[in-house]
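Residue-level listing of the chains:
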Amino acid sequence: MLCAANKIEVDVVPDTPKTRSQGSGERPRATTSSPPPAATRTAAQAAELALDEQTARSLRSHLPEVAESVIAAIIEEVPSYSAPFQGRMGRVIEQAVRTSLDSFLDAASGAREGEQTSIGVGVQAAEQLGRAEARAGRPVDALLSAYRVGARVSWREVSRMAVAQGAEAATLGRFAEVVFTYIDELSAASVAGHNAETHTAERARIVNLDRLVRSLLVGAPETRLVEAAQLARWTPARTLTVVLVAGERALNTAAMLDPRTLTLGEDLPPVRGLPAPDRVAALLVPDAGGRARGALLDLLSGRDAVVGPAVPWTEADRSYARAVRAAALPRESGTVLDTDAHLAQIVLAADPETLADLRESALAPFADLTEGSAERLAETLRAWLLLQGRRELVAEALHVHPQTVRYRMGQVRELLGDRLQDPDAVLELVLALSARPS
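Residues numbered from 1 in each chain as written. Predicted model: local features only at pLDDT ≥ 70, side-chain atom pairs only at ≥ 80, totals over all residues. Heavy atoms only, no water.

Novice: Account for the overall build of the protein chain, with residues named and values stated.
Specialist: A count of helical and extended segments in the protein chain gives 19 helices and five strands. In the protein chain, once contacts between residues fewer than 6 apart in sequence are set aside, the share between residues at least 24 apart is 77%. Surface exposure of the protein chain reaches about 22,600 Å², of which carbon and sulfur atoms provide 51%. (Helix = DSSP H or I, 4+ residues; strand = E, 2+ residues; numbered from the N terminus. Contact = heavy atoms within 4.5 Å. Areas by Shrake-Rupley, 256 points an atom, 1.4 Å probe, with all protein chains shown as cover.)

Printed below as a string of structure tokens:
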């Protein structure tokens, strides 16, 4: 949680030459008006937590470690701040995090009963930080990412300590609600400050484009997607194809593609059953289906990329999910993985545990053999099934004599019996033999 209850000097964010040339040199002053209603609601919710003084005192004693963890996580996870958060600015922001958490504990424990101005100052500081980011030439999405990281790490550390102090589950739940509500308020304030500083609707468009892309990748309802596209002033394409590339290559890669390509470079959402992609950017390329797919693959040649299927634009989450799942498949560096060409491998990799159980069950008759014998018979059976029992082709594929194939298949038939005549059993064998043992 950044700059929440501290009067941050926004001058610590360095101006770039470009930023200085755009303005008059006079910076807006922070207001000293009363806190906005949102901050009042946050303070009131925090006061309802009623933490006992012993718990609050114990949590407060660990705030320096929590603040250090927050700054370290932001530097690690938000590349835009890896340099700015070093040195003096990092120390200022670290102090702001400590002050923010301290104000929360004050409100939650009633230590400053009746005082709600500290949280209000936090919201005002967030607006000023948004303005400073605009002057530094940085987009607001990096700051919003920092808020999300800060909230996650702060909540993780504080909740762990609270549990150790015996805090009740209901209290922890309310605490979490207040923390993340406050982050939403800080985010809204920073976006407002950023937009006000730039005096242009383009800043708002960047935020709306970010929301549009995130909505597309999580599979939001069509009505919401249409509304988000209108707010972002983005004309929907017929189809979208999700391309995953290394985060540091996102801008260069996007510059090669259709200008309507949407980009999300940080905090990609998770896919069900899989963690969120790390250090990866998602490019949503319009109208790259059919014959255009070949041109897209050619453009990406020589780059590490995973290309999902072309789907109707409102179903971009399907292309994203398939690309994320395919990203786990082995491939050589500097190559493009076309998911359309690896559908079977993606299906087989979708549920590794079930596939392992199927392999163990289907190949159970080989369990008593030595590892080498079992591997040779399994390899021969796989080729025999895929090549429909044509001995000469099997021998050629395995680089052995046809008589060797005949001998091995005789052993296989003794082990499997009439299972080779059962279509369901044959299907299980094909799937099991297509998987590589873990």
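After that view of the structure, there is still more to cover.
Novice: Requested: an account of helix H13 (residues 316-326), with residues and values cited.
Specialist: Within the span of H13, buried status applies to Ala316, Ser319, Tyr320, Ala323, Val324 and Ala326. Down the axis of H13, the buried set is contained in an arc of 165°. They therefore lie on one face. (Buried < 20%, exposed > 50% of the residue type's maximum accessible area, 1.4 Å probe, protein only. Arc of directions from axis to C-beta.)

Novice: An account of unusual backbone geometry is needed here, citing residue identities and associated values.
Specialist: One non-glycine residue, Arg233, lies in positive phi territory at about 55°. Tracing the chain through its elements places Arg233 in the loop between helix H10 (222-231) and strand E1 (239-246). For Gln388, which is not a glycine, the phi torsion comes out positive at approximately 55°. For Gln388, the position within the fold is in the loop between helix H16 (371-386) and helix H17 (391-398). Using a relative accessible area of 66% as the deciding quantity, one classes Gln388 as exposed.

Novice: Give me the nonpolar core: which residues, what numbers.
Specialist: The nonpolar side chains of soluble globular proteins are, as a tendency, buried together. Core analysis: the biggest nonpolar cluster contains 41 residues, and Ile74, Tyr81, Tyr147 and Leu186 have the highest contact counts within it. Not counting chain neighbours up to four residues away, the residues in contact with Tyr81 comprise Ile74, Ile75, Glu133, Arg138, Ala142, Leu143 and Ala146. Listed in part, the 30 residues of the second largest apolar core include Leu216, Val242, Leu268 and Val324. (Core = buried A, V, L, I, M, F, W, Y, C linked by side-chain atoms within 4.5 Å.)

Novice: Before we move on, could you go through the environment of Ala189 and cite the residues and values that matter?
Specialist: Summarising the element assignment, Ala189 is placed in helix H8 (residues 169-198). With 62 residues separating them in the primary sequence, Ala189 and Glu127 have C-alpha atoms 4.7 Å apart. Each residue touching Ala189, except ones within four places of it in the same chain, is listed here: Val123, Ala126 and Glu127.

Novice: Explain the pattern of salt bridges to me, using residue names and the numbers behind them.
Specialist: Evaluated as defined, the whole model comprises 14 salt bridges. Here Arg214 ties to Asp210 by a salt bridge, and the two come within 2.9 Å at their closest N and O atoms. Taken as a pair, Arg214 and Asp210 lie in helix H9 (residues 201-218) at a separation of four residues, close to a single helical turn. Across this residue pair, the class does not change: Arg214 and Asp210 are buried. One salt bridge in this structure joins Arg279 and Asp278, with 3.9 Å as the shortest N-O distance. The two residues Arg279 and Asp278 agree in class, both being exposed. (Salt bridge = Lys/Arg side-chain N within 4 Å of Asp/Glu carboxyl O.)

Novice: Give me the lowdown on the environment of Ala72, citing residues and values where you can.
Specialist: Structurally, Ala72 can be placed in helix H4 (residues 63-77). Residue Ala72 is classed as partly exposed on the basis of its relative accessible area, which comes to 44%. Each C-alpha atom of the pair Ala72 and Val153 lies 9.9 Å from the other, and the pair is 81 residues apart in sequence.

Novice: Tell me about the packing of H16 against helix H19 (residues 423-434), residues and numbers included.
Specialist: The geometry of H16 relative to H19 is characterised by a closest axis approach of 10 Å and an angle of 120° between their N-to-C directions. The pairing of H16 with H19 is recorded here as oblique in orientation. Of the two possible hands of crossing, H16 and H19 adopt the one that is left-handed. Here H16 contributes Ala378, Leu381, Arg382, Leu385 and Leu386 to the contact with H19, which in turn contributes Val426, Leu429, Val430, Leu433 and Ser434. Residue composition of the contact of H16 with H19, by class: eight nonpolar, one polar and one charged. (Axes fitted to C-alpha atoms, helices over the stretch in contact; angles between N-to-C directions. Parallel < 35°, antiparallel > 145°, perpendicular 65-115°, else oblique. Left-handed = near helix turned anticlockwise from the far one by under 90°. Nonpolar A, V, L, I, M, F, W, Y, C, P; charged D, E, K, R; others polar.)

Novice: Outline the environment of Val226, listing residues and values.
Specialist: Take Val226: it is sitting in helix H10. A relative accessible area of 34% means that Val226 is categorised as partly exposed.

Novice: Break down the pairing of E1 for me, citing the residues and quoting the values.
Specialist: Most of E1 sits out of view: seven of its eight residues are buried. In the sheet, E1 pairs with strand E4 (residues 305-312) via six bridges, with the strands oriented antiparallel. Opposite Leu240, over in E4, you have Val311 as the bridge partner. (Pairing = 2+ DSSP bridges.)

Novice: A description of the sheet that holds E4 should follow, citing residues and the corresponding values.
Specialist: The strands that make up a sheet are held in pairs by hydrogen bonds between backbone atoms, and each pair lies either parallel or antiparallel. Taking strand neighbours across the sheet as the criterion, the five strands line up as E2-E3-E1-E4-E5 in an open arrangement whose pairing is mixed. Unpaired on one side and paired on the other, strand E2 (262-264) and strand E5 (336-338) mark the two borders of the sheet. For this sheet, the mean angle separating the axes of adjacent strands, direction not counted, is 20°. Where E1 and strand E3 (residues 280-286) come together, seven bridges link them in antiparallel fashion. Note on E3: the bridge partner recorded for Leu244 is Ala282. Helix H12 (residues 291-300) rests against E1, E3, E4 and E5 of the sheet, and its axis sits at about 160° to E4.

Novice: I'd like a rundown of a negative patch on the surface, residues and numbers included.
Specialist: Taken together, the side chains of Asp351, Glu353, Asp357 and Glu360 define an acidic patch exposed on the protein surface. Within the secondary structure, Glu353 is located in helix H15 (residues 352-362). Judged by its relative accessible area of 65%, Glu353 is exposed. (Patch = residues over 30% accessible without salt bridge, like charges linked within 9 Å, V, L, I, M, F, W, Y side chains within 5 Å. Lys, Arg positive; Asp, Glu negative; His and termini not counted. Charge placed at Lys NZ, Arg CZ, Asp CG, Glu CD.)

Novice: Tell me what's going on with H12, and back it up with residues and numbers.
Specialist: Residues Arg293, Leu296 and Leu300 constitute the buried set of H12. Taken end-on, H12 shows its buried residues confined to a sector of 60°, consistent with a single buried face. Residues of H12 that are exposed and point more than 90 degrees away from the buried face comprise Arg291 and Asp298. Tucked into the core, H12 has its buried residues touching E1, helix H11 (250-256), E3, E4 and E5. Gly302 lies just past H12 and shows a positive phi near 90°.

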